[in-house]
Amino acid sequence: MTKRIIVLGGGAGGTMAANRLARQLGDEIKAKKAEVVLISNTDQHIYQPGFMYIALGEKEPEHFIRRENSIVHRNVVLITDRIEKIDVKKKVLKSRQNHYPYDYLVISTGSRPDFNSLPGLAEGASNFYTLDGAIKLRDQLANIEKGRILITVDVPHKCPVAPLELVLMLDEYFRKRGIRDKIELKYTYPINRLHSLEPVSRWAEPEFEKRHILSETFFNLEKVDPKEKVAITMDGEEHPYDILISVPAHTGAQVIIDSGLGDEDGFIPTDRHTLKMENSDCVYVIGDATNLPISKAGSTAHYETETVVPNLMNRIKGRPETAVYDGKVACFLENSLHDASMIAFDYKNPPKPAAASEFIHWFKAVYNELYWLNARGIL
Ligand SMILES: Cc1cc2nc3c(=O)[nH]c(=O)nc-3n(C[C@H](O)[C@H](O)[C@H](O)COP(=O)(O)OP(=O)(O)OC[C@H]3O[C@@H](n4cnc5c(N)ncnc54)[C@H](O)[C@@H]3O)c2cc1C
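Cut-offs and rules
- Residues numbered from 1 in each chain as written.
- Predicted model: local features only at pLDDT ≥ 70, side-chain atom pairs only at ≥ 80, totals over all residues.
- Heavy atoms only, no water.
- Core = buried A, V, L, I, M, F, W, Y, C linked by side-chain atoms within 4.5 Å.
- Buried < 20%, exposed > 50% of the residue type's maximum accessible area, 1.4 Å probe, protein only.
- Helix = DSSP H or I, 4+ residues; strand = E, 2+ residues; numbered from the N terminus.
- Domains from an automatic or database assignment.
- Contact = heavy atoms within 4.5 Å.
- Disulfide = S-S within 2.5 Å.
- Phe/Tyr/Trp six-rings, centres within 6.5 Å; stacked < 30°, edge-to-face > 60°.
- Lys NZ or Arg CZ within 6 Å of the ring centre and 35° of its normal.
- Buried area = accessible area lost by both parts, 1.4 Å probe.
- Salt bridge = Lys/Arg side-chain N within 4 Å of Asp/Glu carboxyl O.
- Polar contact = N/O pair within 3.5 Å; in protein donor to acceptor, adjacent residues only side chain to side chain.
- Pairing = 2+ DSSP bridges.
- Axes fitted to C-alpha atoms, helices over the stretch in contact; angles between N-to-C directions.
- Near = heavy atom within 4 Å.
- Areas by Shrake-Rupley, 256 points an atom, 1.4 Å probe, with all protein chains shown as cover.
- Nonpolar A, V, L, I, M, F, W, Y, C, P; charged D, E, K, R; others polar.
- Parallel < 35°, antiparallel > 145°, perpendicular 65-115°, else oblique.

## Let's talk about the nonpolar core
And then number 1: In this structure, Phe128, Ile149, Leu170, Phe174, Tyr187, Phe208 and Ile245 are the most contacted members of the largest nonpolar core, which totals 83 residues.
And then number 2: The leading source of residues in this core is helix α6 (residues 162-176), at nine residues.
And then number 3: Taken domain by domain, the makeup of this core includes at least three residues from each of domain 1 (3-110 + 253-328 + 371-375) and domain 2 (114-250).
And then number 4: With residues up to four places along the chain from it excluded, the contact list for Tyr187 reads Ile151, Val153, Pro163, Leu164, Val167, Leu194, Phe208, Leu214, Ser215 and Glu216.
And then number 5: Membership of the second largest hydrophobic core comes to 20 residues, among which are Ile39, Tyr100, Ala253 and Val255.

The structure is reproduced here in structure tokens:
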């Protein structure tokens, strides 16, 4: 009988997982022993790290968008549908019109910034965490000649280093335009340092000092007054701004919340080594959708497929699951528009940011193009 693996979510993790499964299970798919189905609610695939380059006017939005069917392996059955309910007891996914039974399920439904988490945020704040937000921010940045740019961050959010990268890149963006001395750049963070990863915080401090980037820690936004252009913290402090760039707290996908599978933020309790959903043997979770205390990043999703894909392949072939996820994450850290650092870490080894160099920046630029091979499961 054909064993059906459904991968839910056609973003970074889901596309990589489905393509890798299709490549590894070629013979089984041909012999109708296995079927790999990828279900996503959009027929577009957007490379989200591109949003930063869009906001800074470095690249056009189209550069980071492909049609999902152009990057999916021919052995994958691709379905565009919005799943409304995951019924793990009956092993079926339900959309408004269809039911999709599965033998094994890989959930990769991602995370999303919640712009309604604070009063005034949706109206008052700009962002670079959505395609529309990045395009609007690009135009705002291009039009500002002087003033104050305030960056606020709430946790959890995907790509934990992105807000730091943005402010460091903005510093050079305004230098290049010859107006850096007329722009006040202020970065804020909710805990007692610049970043939750202490080594990253230590790495950033001297850069901020050298480049006159202002910062404030223990900065917890409570509300925004869009009319007066003021950000108000939980301590009642008022911070006027000309452009407010906010990274709000993220939640899991609506379908996870509606299916009762998530914690209070909509993230799925997941075993840190097997990546199976807690109390389930047939449901795996990868990428931003997990509740694991590691960075929500595309690289995390990639490394997680290196555990889930061989384990599923072994199960289809009647062998034991042997792959174990060690918490591996790797992130580039843009330091300006021309140099970058990088970090790699796992459950046991903390990150050690590499000295920033032009080489790493170009490595990142090359990866931005190679991503499509990675999504295809080729890299
Ligand atoms: C500005 C920015 C910069 C970033 N920079 C980096 C970086 O430098 N390096 C890095 O590693 N990561 C980076 N990331 C993070 C990275 O993009 C995400 O962590 C990654 O995309 C997570 O993959 P995922 O598969 O978990 O979720 P996603 O890629 O978000 O995919 C989720 C998919 O699920 C689909 N979906 C959701 N609900 C349903 C439903 N009900 N039915 C059907 N389909 C559904 C969505 O449409 C989407 O296609 C960055 C992100 C941003 C925003």
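## Some words on the state of the cysteines
And then number 1: A complete count under the given rule lists zero disulfides for this structure.
And then number 2: The structure places no disulfide on Cys331, whose sulfur is separated from the nearest cysteine sulfur, that of Cys159, by 5.4 Å.
And then number 3: We classify Cys331 as buried; its relative accessible area is 8%.

## Focus on the packing of aromatic side chains
And then number 1: In total, this model carries 12 aromatic pairs according to the counting rule given.
And then number 2: Between Phe332 and Phe363, the aromatic rings sit 5.3 Å apart at their centres with planes inclined by 85°, giving edge-to-face as the arrangement. Placement of Phe332 in strand β20 (residues 329-334) and of Phe363 in helix α10 (residues 358-375) is noted, with a sequence separation of 31 residues between them.
And then number 3: Judged by its relative accessible area of 15%, Phe332 is buried.
And then number 4: Pairwise contacts between aromatic rings join Tyr47, Tyr53, Phe64, Tyr367, Tyr371 and Trp372 into one cluster.
And then number 5: Sitting above the plane of the Tyr347 ring, Arg272 keeps its charged end 4.0 Å from the centroid.
And then number 6: Over the ring of Phe267 we find Lys296; its NZ or CZ atom is 4.0 Å from the centre of that ring.

## Quick notes on the domain arrangement of the protein
Note on interface size: it is often stated as the accessible area lost on association of the parts.
And then number 1: Split into domains, the protein comes out as domain 1 (3-110 + 253-328 + 371-375) and domain 2 (114-250).
And then number 2: Taken over C-alpha atoms, the centre of domain 1 sits 31 Å from the centre of domain 2.
And then number 3: Listed per partner, the contact involves 16 residues of domain 1 and 21 residues of domain 2.
And then number 4: Buried surface at the junction of domain 1 and domain 2, summed over both partners, amounts to about 1,600 Å²; 74% is from carbon and sulfur atoms.
And then number 5: The three residues of domain 1 that bury the most area against domain 2 are Phe51, Met52 and Leu56, which together make up 38% of that side's buried surface.
And then number 6: Across the domain 1-domain 2 interface, the total number found is one salt bridge.
And then number 7: For Arg138, the salt bridge is made with Glu60, and the minimal N-O distance between the two is 4.0 Å.
And then number 8: Across the contact surface, domain 1 and domain 2 share two residue pairs in polar contact (both at pLDDT 80 or more).
And then number 9: Broken down by element, the side of domain 1 that touches domain 2 gets its largest block of residues, five residues, from helix α3 (residues 50-55).

## What to know about the sheet that holds strand β11 (residues 147-153)
And then number 1: If you walk across this open sheet you meet the four strands as β13-β12-β11-β17, and the pairing is parallel. Pairing within the sheet leaves two strands with one partner each, and these edge strands are β13 (214-216) and β17 (243-247). Taken pair by pair, the neighbouring strands of this sheet meet at an average axis angle of 15°, ignoring direction.
And then number 2: As judged from the three bridges shared by strand β12 (residues 183-188) and β13, these two strands associate in the parallel manner. When the bridges of β13 are listed, Tyr187 appears paired with Ser215.

## Considerations on the site of the ligand
And then number 1: In the vicinity of the ligand, 30 residues are found, and the nearest of them are Gly13, Asn41, Ile83, Ser108 and Asp288.
And then number 2: Here an oxygen atom of the ligand sits 3.3 Å away from a polar atom, N or O, in the main chain of Gly11.
And then number 3: Contact distances for the ligand include 2.8 Å between an oxygen atom and a backbone N or O atom of Gly13.
And then number 4: If the ligand stood free it would expose 1,000 Å²; the protein chains cover 90% of that surface.
And then number 5: Where the shell around the ligand is concerned, the elements lending two or more residues are α1 (12-24) and α9 (298-316).
And then number 6: Per element, the largest residue contribution to the shell around the ligand is three residues, and it comes from α1.
And then number 7: Here the shell around the ligand is composed, by residue class, of 10 nonpolar, 15 polar and five charged.
And then number 8: Two domains each put at least three residues into the shell around the ligand: domain 1 (3-110 + 253-328 + 371-375) and domain 2 (114-250).

## Overview of the packing of α1 against α10
And then number 1: Interhelical geometry of α1 versus α10 gives an angle of 50° and a closest axis separation of 8 Å. By the angle between their directions, the pair α1 and α10 is classed as oblique. The segment α1 lies against α10, with Ala12, Thr15, Met16, Asn19 and Arg20 engaging Tyr371, Asn374 and Ala375.
And then number 2: Here the contact of α1 with α10 is built from residues that sort into four nonpolar, three polar and one charged.

## With respect to the side chain of Ser201
And then number 1: Relative to the elements of secondary structure, Ser201 occurs in helix α7 (residues 198-210).
And then number 2: The residues contacting Ser201, other than those within four sequence positions of it, are Arg193, Leu194 and His195.

## So, the environment of Glu184
And then number 1: Note that Glu184 resides in strand β12.
And then number 2: You can call Glu184 partly exposed: its relative accessible area is 31%.
And then number 3: Taking the C-alpha atoms as reference points, Glu184 and Gly50, 134 residues apart in sequence, are found 25 Å from one another.
And then number 4: With near-sequence residues (within four places) excluded, Glu184 lies in contact with Gly147, Arg148, Ile149 and Leu214.

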